Amino acid sequence: MPDGQLPVLDVRDLKTVFRTRRGEVHAVNSVSFDLKPGELLGVVGESGSGKSVTMMSLIGLLPSPPAEVRDGQVLFGDNDLLKADEDTLRAIRGARIGFVFQDPMTSLNPVFTVGYQLMEPLRKHMGLNKKAARARAQELLELVGIPDAGRRLKDYPHQFSGGMRQRVMIAIALACDPEVLIADEPTTALDVTIQAQILELVKELRQKLGMAIVWITHDLGVIAGIADRVMVMYGGQIVEHAPVKELFGNPQHPYTRALLGTVPAMHGTREARLRVIEGQPPVLDAPPAACPFRARCTHSFERCERENPPRIPVGPLHDAACFWNPATGGPRDA
Amino acid sequence: MPDGTPPNKLVEVYDLKMHFPIYGGVLRRRVGEVKAVDGVSFDIHEGETLGLVGESGCGKSTCGRAVLRLYEVTDGAVKIEGENIADWSAEHLRKVRPKMQMVFQDPQASLNPRMTVASIIGEPLDEHTRQSKKDKLNRVYHLMDAVGLNRDFANRYPHEFSGGQRQRIGIARALALNPRFIVCDEPIAALDVSIQAQVVNLLEDLQEEFGLTYLFISHDLSMVRHIADRVAVMYLGKIVELAPRDALYDSPLHPYTQALLSAVPEPDPSLEARTERIILKGDVPSPANPPKGCNFCTRCPQVMDICRQTEPEYREVAPGHFTACHLQDGQPQQQQQQQATDAGQPAPAQRQEQSQQGEDT
């Protein structure tokens, strides 16, 4: 990834809170990251870590109330998306920022044909007439590898298999040549052999189209295969961030290290017992005053109870929000 | 399981078929059937874990449920401790139910939200035993200890627990009647990675403590490699390969197994870059209308003419290693496989060659 390029998306200090009857849930706490043109940024975390909410906050897709984006900046081109009005957002969503969600069945409308749903953004955002839109729609289905594309435009979502539906979703997301594609667990609902097809397709499309991608997943294997850079999220925060080889080869945060240890290997020695992360994810009912991982961490010490560690640089392009230094086994100077 | 000891077969399944009728037309006549499970045979030895893997819709869950006789099976035999329960009546089955239990995928859906944890875990005791209230409660506490649940939570409701804890409740319920055999149907699929490991370790501990036998149904191939002693791979209602764990993962014989294993992403970028994936074309055919010949012939990268004509026989090609594939029929294929096995893991280049030769034949 060439450095020094201006980011297409620059997120600073994002905070999102849900107001519920039982009080507030601090789902995203001061998340900052940027996205360079053409790169694939992987976001890894477990359910409730804030990875989806972060991305939904960016473009105002969260229902408000209960959600409230309390603070931060999202710079996309000349706009701060958090300050933009609904019309501006609508012109950006689906056109310049595309989305693919986890479950293709619930994100496609069952009562419209796939062709209609593909042509909708083309006509609304790009102002194409019906004929041009249809031609472009067929081209898009061909691009994502759906055979007999012209005929399949007339089919309804239920007439497609899961993998084919996800291809349709990708085609819709790509319809207006977006600069940024946000993919939220796009292969989680799919079988491994179909997942392999989709991953292959995405790699191919990146080369052809060159958009920047944010790929949200809980599957470390998927991330290892496609990402350039990875952010690990836990308890609504980014706990570690590094280029993909660095993250897997030299993980620094105890959570990342533990997470990598819990996945059983497909090759080589088989461990007699799986390593576990004891305990449960944190309850996010207040702004973080201490490290969110401290209760489950095997290295936590007194300072972790007192302060929430900032993201400390630990190597080139590599930072970790942790006071513990795996190299020395003691506290980190920060 | 130590190798060499003569294994005692706890479960024997022979040519099990589970077909679901399709009704259609104006008169709602039977117009066809979904062959969800279409003639599978396997044994499970006492104290072992048999992994059953496959993609969604391949019939692995139906197979697990049919083995426990949660369905009226269409055909075939299911022997538990030598007794064929395939055609037993519901009444008769009730007597053997305590021996065989099930852990379900979704702990949210399989626990009654209006019952407390104690009553959920104690329900099998109410149904099948005549213990006093006090004995029952003691047993419930004991089970909660065994699965790592705090006794103080006995009067709470399922929604007050996290996913991993709910799965522990489901496991405690399955253990209540001292079963010998448990079908675990995707027990970890709904859980987060860090919680999956906790549940799998618990299942292993319980197996050791109580001498349980598991049929572990999962689509997670790396987890099955961890927990299973032997592994069966299903595709479109049939077992395509069954082998001891290491044989299956190190030298898979069936092209579907090879593709399935190669499709699993590795959490290691350097390894990931070197792996040559076998990408299967297309989707799984409908089990209502399976292709003629071999079920896998529509997607197989090594398909031959014979595969589209005749169904391959499911047979033992090496000790304990069963597969149903025409590539294993003749002499040349076996030699070829021999070379691959000698070289350990078949290298991607070799696989390519194989596939080309397969097409040429």
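Residues numbered from 1 in each chain as written. Chains lettered and ligands numbered in written order. Predicted model: local features only at pLDDT ≥ 70, side-chain atom pairs only at ≥ 80, totals over all residues. Heavy atoms only, no water.

Moving on to unusual backbone geometry. Note that the residue after Ser64(A), namely Pro65(A), is joined by a cis bond; omega there is -5°. Inspection of the secondary structure puts Pro65(A) in the loop between helix 1 (51-58) and strand 4 (67-76). Between Pro65(A) and the following residue, Pro66(A), the backbone shows a cis peptide bond with an omega angle of 10°. Tracing the backbone through its elements, the reader meets Pro66(A) in the loop between helix 1 and strand 4. The phi angle at Asp15(B) is positive, at roughly 50°, despite the residue not being glycine. Looking at the secondary structure, you find Asp15(B) in strand 1 (residues 9-24). Among the residues examined, Asp15(B) registers a relative accessible area of 28% and is labelled partly exposed. Positive phi, close to 50°, is recorded for Leu236(B), a residue that is not glycine. Of note, Leu236(B) is situated in the loop between strand 9 (230-235) and strand 10 (238-244). The class of Leu236(B) is buried, set by a relative accessible area of 4%. (Helix = DSSP H or I, 4+ residues; strand = E, 2+ residues; numbered from the N terminus. Buried < 20%, exposed > 50% of the residue type's maximum accessible area, 1.4 Å probe, protein only.)

Residue and element names in this part refer to chain A. The tally for this structure, following the rule as stated, stands at eleven aromatic pairs over all chains. Look at tyrosine 255 and phenylalanine 293: their rings are 5.2 Å apart centre to centre, the planes differ by 70°, and that puts the pair in the edge-to-face class. Here tyrosine 255 is found in helix 11 (residues 254-262), whereas its partner phenylalanine 293 is found in the loop between helix 11 and helix 12 (302-306), with 38 residues between them in sequence. Each member of the pair, tyrosine 255 as well as phenylalanine 293, is classed as buried. (Phe/Tyr/Trp six-rings, centres within 6.5 Å; stacked < 30°, edge-to-face > 60°.)

Further remarks concern the interface of chain B and chain A. Each side of the interface is counted separately: chain B has 39 residues, and chain A has 43 residues. The junction of chain B with chain A conceals about 3700 Å² of combined surface from both sides, 56% of it contributed by carbon and sulfur atoms. Across the chain B-chain A interface, the total number found is one salt bridge. Its salt-bridge partner being Arg273(A), residue Asp205(B) comes within 2.7 Å of it at the nearest N-O pair. (Contact = heavy atoms within 4.5 Å. Buried area = accessible area lost by both parts, 1.4 Å probe. Salt bridge = Lys/Arg side-chain N within 4 Å of Asp/Glu carboxyl O.)

Counting through the fold element by element, Asp283(B) comes out in the loop between helix 11 (269-274) and helix 12 (305-309). On a C-alpha basis, the gap between Asp283(B) and Arg299(B) in space is 7.7 Å, while along the polypeptide they are 16 residues apart. When near neighbours in sequence (up to four residues on either side) are disregarded, Asp283(B) contacts Ser161(A), Met164(A), Ile194(A) and Arg299(B).

All names here are of chain B. For the pair helix 4 (residues 117-128) and helix 5 (residues 133-146), interaxial distance at closest approach is 9 Å and the crossing angle is 115°. You can see that helix 4 and helix 5 cross each other, and the crossing is right-handed. Counting all contacts with helix 4, which are made through Val117, Ala118, Ile121, Gly122, Leu125 and Asp126, the residues of helix 5 involved are Lys136, Arg139, Val140, Leu143 and Met144. (Axes fitted to C-alpha atoms, helices over the stretch in contact; angles between N-to-C directions. Left-handed = near helix turned anticlockwise from the far one by under 90°.)

With respect to the helices, strands and loops of the structure, Thr256(A) is situated in helix 11. Excluding residues within four positions of it along the chain, Thr256(A) makes contact with Val232(A), Glu240(A), Leu247(A) and Pro251(A).

Residues and elements named next belong to chain B. One can find threonine 129 in the loop between helix 4 and helix 5. Through-space distance from the C-alpha of threonine 129 to that of threonine 62 is 29 Å; in sequence the pair is 67 residues apart. Among residues more than four places away in sequence, those in contact with threonine 129 are Pro124 and Leu177. Within polar-contact distance, the side chain of threonine 129 engages the backbone oxygen of leucine 125 at 2.6 Å. (Polar contact = N/O pair within 3.5 Å; in protein donor to acceptor, adjacent residues only side chain to side chain.)

With that settled, consider the sheet that holds strand 12 (residues 321-323) of chain B. All names here are of chain B. Strand order in this open sheet of eight strands is 6-7-8-3-9-10-12-11, and the pairing throughout is mixed. With one partner strand each, in any of the chains shown, strand 6 (100-103) and strand 11 (315-318) form the two edges of the open sheet. Strand-to-strand twist across the sheet, computed as the mean angle between neighbouring axes with direction ignored, equals 20°. Across five bridges, strand 7 (residues 181-185) lies against strand 8 (residues 213-218) in parallel orientation. (Pairing = 2+ DSSP bridges.)

Attention now moves to the packing of helix 4 of chain B against helix 6 (residues 163-175) of chain B. Residues and elements named next belong to chain B. Their axes nearest at 7 Å, the elements helix 4 and helix 6 cross at an angle of 30°. Judged by the inter-axis angle, helix 4 sits roughly parallel to helix 6. The two elements helix 4 and helix 6 cross, and the hand of that crossing is right-handed. From helix 4, Val117, Ile120, Ile121 and Pro124 reach across to helix 6, where they touch Ile169, Ala172 and Arg173. Taken together, the residues that form the contact of helix 4 with helix 6 break down as six nonpolar, no polar and one charged. (Parallel < 35°, antiparallel > 145°, perpendicular 65-115°, else oblique. Nonpolar A, V, L, I, M, F, W, Y, C, P; charged D, E, K, R; others polar.)

A few words now on the sheet that holds strand 11 (residues 312-315) of chain A. All names here are of chain A. Read from one edge of the open sheet, eight strands run 6-7-8-3-9-10-12-11, paired in mixed fashion. Of all strands in the sheet, those bounded by a partner on one side alone are strand 6 (97-100) and strand 11. The mean angle between the axes of side-by-side strands here comes to 20°, regardless of whether they run parallel or antiparallel. Those strands touched by helix 1 are strand 3 (40-44), strand 7 (180-184), strand 8 (212-217) and strand 9 (229-234), and its axis lies near 145° from that of strand 8.

Attention shifts here to the confidence of the model for chain B. All names here are of chain B. Summing up the model confidence of chain B, the mean pLDDT is 86 and the portion of residues at 70 or higher is 89%. With pLDDT under 50 throughout, residues 331-361 is counted as low confidence; its partners more than four residues away or in other chains account for 37 contacts. Interface scoring of the predicted complex returns ipTM 0.80; its pTM is 0.84. (pLDDT = per-residue confidence, 0-100.)

What follows deals with the environment of Val40(B). Residues and elements named next belong to chain B. Residue position: valine 40 is located in strand 2 (residues 29-45). Given the relative accessible area of 1%, valine 40 is considered buried. Taking C-alpha positions, valine 40 is 16 Å from threonine 257, a pair spaced 217 residues apart along the chain.

Right, let's talk about helix 5 of chain B for a bit. Residues and elements named next belong to chain B. End to end, helix 5 covers 20 Å across 14 residues, agreeing with the expected 20 Å (1.5 Å per residue, within 8%). Looking only at helix 5, the buried set comprises Lys136, Arg139, Val140, Leu143 and Met144. Each buried residue of helix 5 sits inside an arc of 140° when the element is viewed along its axis, so together they form one side. Close packing links the buried residues of helix 5 with helix 4 and helix 6. Note on helix 5: the residue one or two positions beyond its end, glycine 148, has a positive phi of about 80°. (Expected span 1.5 Å × (residues − 1). Arc of directions from axis to C-beta.)

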